[in-house]
Each structure stands twice: as C-alpha cells, then as structure tokens.
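For reference, the chains in residue letters:
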Amino acid sequence: VEGCCAQVSCSGLSQSMVMLRCSSLLLLLQAAQGFEWMAHIKAPSIGNLLKSHTGSRFGDKKLVVITGTSSGLGLATTKALLRTEKYHVIGGVRNLEKMSVVAEEEGINLDHFTPVHLDLASYASVHRFVEELEKLRGDRPIDRLACNAAVYQPTLDYPKWTEDGHEQQHQINYFSHFLLTSKVMPMMEGSDDARICMLGSVTGNDNTVGGGGVYPIADLKELDGLELGCKKPIAMMDGYNFNGAKAYKDTKLACMMTCNMLHERFHRSTGIAFSSVYPGCIAETPLFREKRPWFRKLFPVFMKYITGGFVGEEEAGQRLFQVLHDPRCRKSGVYWGWNGGPREGREDSLEKGGQITGAGGAGGGWDSIFENDQSGKVLNKDLMMKLWKYTTEVTGADWPEAFLPKSPCPTLKVIEAATSILGVIEERARMEASRQGEGAQIIANRDLPREERRKSLEQMLLALDKTPKDQKQLEDDLLRTSGMAPAAQKEVNVVKQFKPVSTQASIEDVVVPEVDDPLLEEEKGPPKMIPGHELLGDTPVVFQPQNVMTMARVGQPLSEVASQADVFIRYKCRKGECKTCAVNIDGKWVSACQTKIEPQAPGQHFAVRVRPVSEAQKRKEKVAFFSPESIQDGFFNNAFGVLGFVKEGLAADDDFEVRMARERRIQQMVAEKAKHGSQKLRGV
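Definitions and cut-offs
Residues numbered from 1 in each chain as written. Predicted model: local features only at pLDDT ≥ 70, side-chain atom pairs only at ≥ 80, totals over all residues. Heavy atoms only, no water. Helix = DSSP H or I, 4+ residues; strand = E, 2+ residues; numbered from the N terminus. Buried < 20%, exposed > 50% of the residue type's maximum accessible area, 1.4 Å probe, protein only. Areas by Shrake-Rupley, 256 points an atom, 1.4 Å probe, with all protein chains shown as cover. pLDDT = per-residue confidence, 0-100. Contact = heavy atoms within 4.5 Å. Pairing = 2+ DSSP bridges. Polar contact = N/O pair within 3.5 Å; in protein donor to acceptor, adjacent residues only side chain to side chain. Axes fitted to C-alpha atoms, helices over the stretch in contact; angles between N-to-C directions. Parallel < 35°, antiparallel > 145°, perpendicular 65-115°, else oblique. Nonpolar A, V, L, I, M, F, W, Y, C, P; charged D, E, K, R; others polar.

1. Points about the overall build of the protein chain
Next, step 1: For the protein chain, the helix and strand inventory stands at 22 helices and 14 strands.
Next, step 2: Counting over 684 residues, the protein chain shows a buried share of 49%.
Next, step 3: About 34,100 Å² of surface is accessible on the protein chain, with carbon and sulfur atoms providing 55% of the total.

Encoded structure:
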C-alpha cells in the first residue's frame, strides 16, 4: 500500500512539474510578444538618419506622385491638391524646363511641389525616377499614385518607337506605368490611406457609345503581339497591323484591366485602394496635340453641342482630385465616373455654353460621382491573367507574391447597327493584311517554337510597314506630330487676351425685370456643408434657397462654384448682357457669368440667392426609349445640338488661336530657358 501511495505521489509531483514548466513557457512567450515592437527598431546608421531628415521636411502632408504634371489633367489635378495644403505633390515630367515655366505661370508653390525627371518612353528613366523617389520620401510612405501621363498618335500610318523598341503609345500609356506601379507599391507600406489610380477612358470601355460605337474598337484579341514581346516591328498587343487610334484605345483598356487585377491580387493584403477613372472628354487638352488644327478647333465645340461629353481641364482636375482625396473613394476595384446618365436638356445647352447633363461624363459636380459599369472586355478574367503575365515579362516588373456578359445600352445598339458594317470591313481588312501566306499558318501554329513564330510575324509586319522612304516626308510627318503648336494662321491680339484677370473683380449691378423674388422664401435653418467640400477653398459660399454650403477660392468664377455645388443656374449670352443668369448678392441682382468670389471677413460667407427653376425646366421627364415622345425629343435635342455646333463652330477661330498662342508662348519660354542654361528646379 505504501508503495502504491508513493507511486501515486511521485506521479502527481511529475505532473505538477510539467504544468509548472508549461506555465512558465507560456509566460515567457507572452513577455516576448510584448517586445515585438523592438524588432522594428533600426540601428542609427547615417543612411537612416538622412532618410528620417528627408521625410520630416514634408511635415504632416501626404505624399502624392502624379505623372504628367506639366499640362492638361495632371497640371489641373496638381493645382487642386496643392490648394488644400494637405498634400505634397511629386510630379514626374519629361521636360523639367517646361515644368519650370508652367510652375511660374501658374503660381505653383515649389515648397509643396517637387518635379522629378521621368521619361515614360524609357524603362531606364523609370528606374532612375524610382531611385530619386526613394531618396525624396525619406522615412515617409507614398500615399497616392496617379498614372496620368499619356500620348495619342492617331494620324500616322506607321508607328513611332521608343528606345526600348516598343510603339510609343504602348510604352508611355501602359507598359511604363505598369512597371512604375510595381516599384511604388512597396513604398506605400505604412500609409493609412494608400490609393493607386489609373486613367481609363470611355474609348476603352465598349459598353458605351464612345467606346463601342466608334471605330476602331479597343480589342486585345488573344494578345499574340504582347506574348511575342511587342517589340519592333510588332507594334500592337493584338499582333496585327498598326492602327494609331486603336493603339491608344487598347492601352486604356489594358490600364483598366490591370487595375482590376491589382485589386484582386493585392487589395486585401496591402490595403491599397486600386481604381480607374474616366473624368470626361477633355477636348481642349494637349493630349490632342498631334491632331490637325481644324480638329483641335472644332472638336471641343462638337463635344459640347453634339455628344455632350465636354469637360474643361479645371473640372476634370477636380474629378481626379476627388478620387485621390474624397473619403468615399477609398473603395477599391471601382471605375469612377460622373453623372453617367443619358444626355438631356439639349435646349438648355445653348444657354449654358454647350453644357448638358449626362453623356457618360459631362456635367455633374462633386456629389454626382458614381461607380461606373465596366464592359465584358474589361472584366474578362481569362484575358486579364494573360495580360498580366505577358506585361510582367515584357517590362520586367517584380511583384509580391469571370467573365461577365456585355450589356450595352439601347443607344449603343442603335449606333452599332449603323456603324457595325463599316467597322467589320475596316477591321477585317487590317487583320487580313497582317495574315497572308505561309507566315500566317506559322503564327497560328502554337505548337511551333515561340522564336520561329515571332520571326514570321516580324517579316509579315515589316512587309506592311508604311514608314516613308523619303527623308523629307518623314521629317515633315515627325514635325507635324511632335506636339509643337501649329504656326499662327492669322493675326490675333493675343497680348490683350492674355491680360491677367483681377481676382478682385467687382460685382456688376444689373436690372432684372419680372423675376420671382427668392428673398420671400422662408429660411430653412443653418446651411449644410456639402460632404467633402471642406478643403476645396478658403471662402465659404452659401446658395439659397438650396441652403447648401461649399468652399471656394477668392477670384473663382461663381458659375464654376455653382456647378461644383450642383446648383442649377440658367445661362445664355455669358457676357452679362441678357440677365438670364441673374442671382441676388447682398440685395443686388448681378450676372453670375461675370461674378467672381470676393474675400470675406472671418466668420462671414459669400451668400448667393438663385432664382427658383422648376424641375421641368431642369430635366424633362424620361420616356421609353422607342416611344413617339422620345423620338420627337431626340429630333429636337439633336437639332439644337447641330444649331449650337454651327453657331459656335463659326466663332471658334479666336478661341482656338488663343489656346495655340499660349502653347507657342510656353514653347518659346522653354526654349529661352534651355538656351541660357537655366537653373534646375529644386529637388531634382
């Protein structure tokens, strides 16, 4: 019995010892977890101290990287970001001298803007830009990346090539941005609100009229060209003969597909919000610099009065700014658009300088942003995976470790029915020309070695190459498509038109006969600030009877602020003579089209009372697409559009010449700076 008791006692003692040891081990593990933070401490090396010093100079501002900030959408977005004083923008630009001139012209504060050389036509330049970016950011994460820069070369029958052997549009618009994104993503670690945005386009989304009803249609097919390297003489990702307009559209389709792939692969693991955006057709942008002068003159008028898709550079900049800034745009995997309903109110467009509602991008302010639909091509997961694989191989990008049916709108069906025959004929001719004889069979045979297929494709495309043999013609073509502004065609008093406009413009008194007096309307309590508008300016502006508040800049046109706040004002002559746009400010009737925001005392706001406009005037009731009423409305809608197009087209010369004169003036100033060896911008 004593032996049994002793055995039991020893057994219990051993169990107690085991439990004690396990408990001690658990306590040690818990204590070790408490010191996990020490693993992130780095030795105080000179390199770390320098990076910490570099990062501290940005203060509490978020770091934004934007490509193509010297003109167009990139410049407008940069100005919108800097106005908030919440961001430091690092601009990737090809021409630092031009950026210097533009920064001086636009009054950009170089304390909050750092330009860095970036030539997207060179992978080597992308790598140098990333190295410079790594030095600049110090210990700070990159918070935003906007892949904005692009070129559009639709007028040549032959491709232009980069130093890496790619067709220019493919490398600048897509390949280099793909590589840049792979390099910047790791720099975003530690950001509490990291976002990457790629510029898409209606032309790359074929479930819209602009993308699916206008030849050539964006279509990557089976990516034969990209699979085989997409290097000279293989210009197109689809592997067929070159088409400049299609090349641009294909790159936009590829950017949108890549954004979706980034979302699926990395959003959950990194927290980065990946999105694409179409801010509208910026018809006056330098993107169209290679189009002929008559096109650049009339295209903005056409987009205003015929399609309704026109968006000015400043408004488009506000839209991209919103995607980078608005808390609502933290959502990943979205293709952002604005006010994408069908076009309406054509008769009002004549009174608003061509502005109409809808048309897949035109019109709509801050609160009209919505998650746009993507076409079946954009959402094609099988092709998306091939695009990802082949582009990674072509660019050498290093990454961390469904197909939906197309549902076109009724308008697209009508447009397609009218244009499909021409589109089919044109596309078939292009494809057949690239696939003739024995070489076509070799390319189609995927069992053959890849090198043999590539050589056959190169031989066929070289035989179709339309590059001129005449050196003079080649030089003339390259000069015409180099982006230089065309020579002045007539004398215009440009100096007078470029006179700086005072931001302290006085309010013009006008007499408004027989208008409803909005002052009689009962107040509705304190005005409500529109969400997300707090950082749009430094002067509060209140609109009544809407009872809404937004923020604006001193000197900003009142018409622009009203559009920003989604407040409807009727316009006609836009000269302050017809009094159609009369609003009430401080008890006086003034023309909204001639009024600018004036400075206010602390605690005061700029109060504007707008004449009530019935909903029937703003927007006619929608009817069935094929009803007699809709056909009648459509006829008058288009008649008003054609009338406006003819009227404004005849008067477009002066406006066009002013825009071209500004481009020539900047080119001349850039040349002068380069000639005198001007000092480089700070930070580069």
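From this point, the discussion proceeds with the structure in view.
2. Concerning the confidence of the model for the protein chain
Next, step 1: In the predicted model, the protein chain carries a mean pLDDT of 76, and the fraction of residues at 70 or more is 65%.
Next, step 2: Across residues 340–362, where pLDDT falls below 50, the model places 89 contacts with residues more than four positions away in sequence or in other chains.
Next, step 3: Low pLDDT (under 50) marks residues 620–626, which in the prediction has twelve contacts with non-local residues, meaning those over four places away or in another chain.

3. Some points on the sheet that holds strand β12 (residues 582–585)
Next, step 1: Here six strands make up an open sheet; going across it, the order is β9-β11-β10-β14-β12-β13 and the pairing mixed. At either margin of the open sheet sits one strand with a lone partner, and together these are β9 (528–529) and β13 (588–591).
Next, step 2: Strand direction decides the pairing type here: strand β10 (residues 539–544) and strand β11 (residues 548–552), joined by five bridges, are antiparallel. Note on β11: the bridge partner recorded for Val542 is Met549.

4. Some thoughts on the side chain of Ser122
Next, step 1: Within the secondary structure, Ser122 is located in the loop between β3 (113–117) and α5 (123–137).
Next, step 2: The class of Ser122 is buried, set by a relative accessible area of 3%.
Next, step 3: Within polar-contact distance, the side chain of Ser122 engages the backbone nitrogen of Ser125 at 3.1 Å.
Next, step 4: Sequence-distant contacts of Ser122, that is, excluding residues within four places in its chain, are made with Glu163, Asp164 and Gln171.

5. Focus: the pairing of strand β1 (residues 62–67)
Next, step 1: Burial of β1 is extensive: five of the six residues sit out of reach of the surface.
Next, step 2: Here β1 runs beside strand β2 (residues 87–93); their pairing, made up of six bridges, is parallel. Following the sheet pairing, Val65 is matched in β2 by Ile90.
Next, step 3: Of the pairings in the sheet, the one linking β1 to strand β4 (residues 144–147) comprises three bridges and is parallel in character. Looking at the pairing, Val65 lines up with Leu145 of β4.

6. Some remarks on the packing of helix α6 (residues 168–184) against helix α13 (residues 381–395)
Next, step 1: Their axes nearest at 10 Å, the elements α6 and α13 cross at an angle of 85°. The orientation of α6 relative to α13 falls into the category roughly perpendicular. Together, Tyr174, Phe175, Phe178 and Leu179 of α6 and Leu387, Trp388, Thr391, Thr392, Val394 and Thr395 of α13 make up the contact between the two elements.
Next, step 2: Broken down by class, the residue content of the contact of α6 with α13 amounts to seven nonpolar, three polar and no charged.

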